[in-house]
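Structural description and commentary
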Amino acid sequence: MTIKRVFRHPATDKGGKMKEAIKRLREINQSIWLDNLSRRMIESGELRRLIEEEGITGVTSNPTIFQKAISGSRDYDASLRGMLGQGIRDEKELFLGLAFEDISRAADLLWPVYRESGGRDGFVSIEVSPDLAYDTDKTIAEAKRLFSTLGKKNVLIKVPGTGPGLPAIEELTAEGVNVNVTLLFSVARYEEVARAYLRGLEKRARRGKSLEEVSSVASFFVSRVDTLTDKLLEARMASASPGPVKEKCRRLLGKAAVANAKIAYRKYRDIFSGEPFRSLKGARLQRILWGSTGTKNPAYSDVKYVDELIGPDSINTLPDATLQAYLDHGKSAVTIDQGLEEARRVFPELKEVGVDIDRVTEELEKEGVKLFSDSFFALLQEIAQKRDAFLAENA
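Below or above, wherever it landed, is the structure these notes cover. (Residues numbered from 1 in each chain as written. Predicted model: local features only at pLDDT ≥ 70, side-chain atom pairs only at ≥ 80, totals over all residues. Heavy atoms only, no water.)

1. Topic: the environment of Phe 272
Examined against the element boundaries, Phe 272 turns out to sit in the loop between helix H12 (256–271) and strand E7 (286–291). Separated by 96 residues in the primary sequence, Phe 272 and Gly 368 have C-alpha atoms spaced 27 Å apart. (Helix = DSSP H or I, 4+ residues; strand = E, 2+ residues; numbered from the N terminus.)

The structure is reproduced here in structure tokens:
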């Protein structure tokens, strides 16, 4: 795979403020994005600071992030009242109005990064309604609506990488909609997603459309794989007699997530270094993005899912605490290709003690859709309650 040129981030033009660790990652060709967004972060200038001083080159959001930002906050009240004054009453439309403001403003802040990087970086993501994760046609329709309404080249529309999501990814790519494929847990599903992106590009090329501004990333979730696998290993250890089985379980703790990601990265390199990608003139890589990289187990390093997954042409999107931990004591040398053979041995060994990684990743996909859907509908309920309260004030 040909590595793209390293771009000069706008922060390097402002007194060299960018953190040294992120400068070194940029030399490797790995980007660091922020897995958070809120009105307060935008209005306080914090997001601008993270972009200009820390070297953040993208932002991801999801229904849970928006729920945390909006729930119990008064930061959105003025906007909500304004939409009510325009006669908007549907809680989903009210949510989208609030979200569009944040996404649009974040996209504007990231526009210099997009421009300087030649469209490689500088993106902000917004997700289609998670309850559409198993409906291909409705996912396509909503993704096109979101992309068209926002009208910005540096916006990615998040589409869950479920089975029904695959034809949606293909068609949206063919239509020129930038897609962030989310909730990827298995290597097999990742490969299906990459192939769907390539089919979409081929379809677009056959239609005589340019490929040069079509962007996509594939968000491969990491830490949740360890969370569930470790839980199964601990249950196996509790039921096993002292001996080799218990010891093997103990040795496998905390190994599954990074092994899974390393194998996925190898697949990514193979797919995008050969055909049909090389024949698609002007096409951009569907870069692999490490998601769910906050460490959930306090026994593990707080930068485990950053330090062990550093590789060219990849992205790591970090929650605030993980970003600060990484800036304080993270590594900045390529690690993704280390221990690949050991990684490939992890899953047969897991199977020997009764843990099937295919079942783990299948459960995580279903759980991920449900968690985002639960957050989304809880948020809509809170917005409906605020709507009713504001309307009652004026009754």
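Next comes the rest of the write-up.
2. A short note on the nonpolar core
Ranked by size, the top nonpolar core spans 119 residues in total, and within it Leu 47, Phe 95, Tyr 190 and Phe 272 carry the most contacts. Examining the composition of this core, we find that 12 residues originate from one element, helix H6 (residues 91–116), more than from any other. Trp 33, Leu 156, Val 217 and Leu 289 belong to the second-largest nonpolar core, a separate cluster that totals seven residues. (Core = buried A, V, L, I, M, F, W, Y, C linked by side-chain atoms within 4.5 Å. Buried < 20%, exposed > 50% of the residue type's maximum accessible area, 1.4 Å probe, protein only.)

3. Observations concerning unusual backbone geometry
Outside of glycine, negative phi angles account for most residues, and trans bonds account for most peptide bonds. Cis peptide bonds are those with omega within 30 degrees of zero, and the linkage from Glu 275 to Pro 276 qualifies with 5°. Within the fold, Pro 276 resides in the loop between H12 and E7. Although it is not a glycine, Asn 29 sits at a positive phi angle of roughly 85°. Of note, Asn 29 is situated in the loop between helix H1 (20–28) and strand E1 (30–34).

4. Focus on helix H14 (residues 320–329)
When we look at burial in H14, the residues that qualify are Thr 322, Leu 323, Ala 325, Tyr 326 and Leu 327. Considering only its buried residues, H14 is in contact with H1, E1, helix H3 (46–54), helix H13 (304–307) and strand E8 (314–318). (Contact = heavy atoms within 4.5 Å.)

5. Remarks on the pairing of strand E3 (residues 123–127)
As a general feature of sheets, a regular strand has side chains that alternate between the two faces. E3 sits mainly inside the fold: five of its five residues count as buried. Neither face of E3 is exposed, since Phe 123, Ser 125 and Glu 127 on one face and Val 124 and Ile 126 on the opposite face are all buried. Taken together, the four bridges between E3 and strand E4 (residues 155–160) define a ladder with parallel strand orientation. Note that in E4 the partner of Val 124 across the bridge is Val 155. (Pairing = 2+ DSSP bridges.)

6. Quick look at the pattern of salt bridges
According to the stated counting rule, one finds 37 salt bridges in the structure shown. Salt-bridge contacts for Glu 171 lead to Lys 203; the nearest nitrogen and oxygen are separated by 3.4 Å. One end of the pair, Glu 171, is in helix H8 (residues 165–174); the other, Lys 203, is in helix H9 (residues 187–206), and 32 residues separate them in sequence. In this structure, Asp 388 engages Arg 387 in a salt bridge whose closest nitrogen and oxygen atoms are separated by 3.0 Å. When its relative accessible area of 41% is taken as the criterion, Asp 388 is described as partly exposed. Connected through shared salt-bridge partners, Glu 170, Glu 171, Glu 175, Arg 199, Lys 203 and Arg 207 make up one network. (Salt bridge = Lys/Arg side-chain N within 4 Å of Asp/Glu carboxyl O.)

7. Section: the side chain of Ser 31
By secondary structure assignment, the location of Ser 31 is in strand E1. Of note is the side chain of Ser 31, whose polar atom sits 2.6 Å from the side chain of Asp 121. Setting aside chain neighbours within four positions, we find Ser 31 in contact with Thr 57, Arg 120, Asp 121, Arg 287, Ser 314, Ile 315 and Asn 316. (Polar contact = N/O pair within 3.5 Å; in protein donor to acceptor, adjacent residues only side chain to side chain.)

8. What to know about helix H10 (residues 223–239)
Side chains of residues three or four places apart in an α-helix project in the same direction, reflecting 3.6 residues per turn. An ideal rise of 1.5 Å per residue puts 24 Å on 17 residues; H10 measures up with 25 Å between its terminal C-alpha atoms. Taken together, the buried positions of H10 are occupied by Ser 223, Arg 224, Val 225, Asp 226, Leu 228, Thr 229, Asp 230, Leu 233 and Met 237. (Expected span 1.5 Å × (residues − 1).)

9. Side note on the packing of H10 against H12
To characterise two packed helices, one gives the angle between the axes of the helices and the distance between these axes. Contact geometry for H10 and H12: axes closest at 7 Å, N-to-C directions at 135°. Judged by the angle between their axes, H10 and H12 are oblique. Relative to H12, the crossing made by H10 is right-handed. Of H12, the residues touching H10 (which contributes Val 225, Asp 226 and Thr 229) are Ala 256, Ala 257 and Asn 260. Here the residues of the contact of H10 with H12 are counted per class, giving three nonpolar, two polar and one charged. (Axes fitted to C-alpha atoms, helices over the stretch in contact; angles between N-to-C directions. Parallel < 35°, antiparallel > 145°, perpendicular 65-115°, else oblique. Left-handed = near helix turned anticlockwise from the far one by under 90°. Nonpolar A, V, L, I, M, F, W, Y, C, P; charged D, E, K, R; others polar.)

10. Concerning the environment of Leu 37
With respect to the helices, strands and loops of the structure, Leu 37 is situated in the loop between E1 and helix H2 (39–43). In this structure Leu 37 comes out as buried when scored by relative accessible area, which is 0%. For the pair Leu 37 and Asp 102, spaced 65 residues apart in sequence, the C-alpha to C-alpha distance is 7.6 Å. Sequence-distant contacts of Leu 37, that is, excluding residues within four places in its chain, are made with Ile 42, Leu 47, Val 59, Ile 65, Ala 69, Asp 102, Ile 103, Ala 106 and Val 124.

11. Re the pairing of strand E6 (residues 216–221)
Of all six residues making up E6, six are buried, and the element is well covered by its neighbours. Residue alternation in E6 divides its side chains into two sets, Ser 216, Ala 218 and Phe 220 and Val 217, Ser 219 and Phe 221, and both sets are buried. Sheet topology places strand E5 (residues 179–184) next to E6; four bridges connect them, and they run parallel. Its bridge partner being in E6, Val 179 is matched across the sheet by Ser 216.

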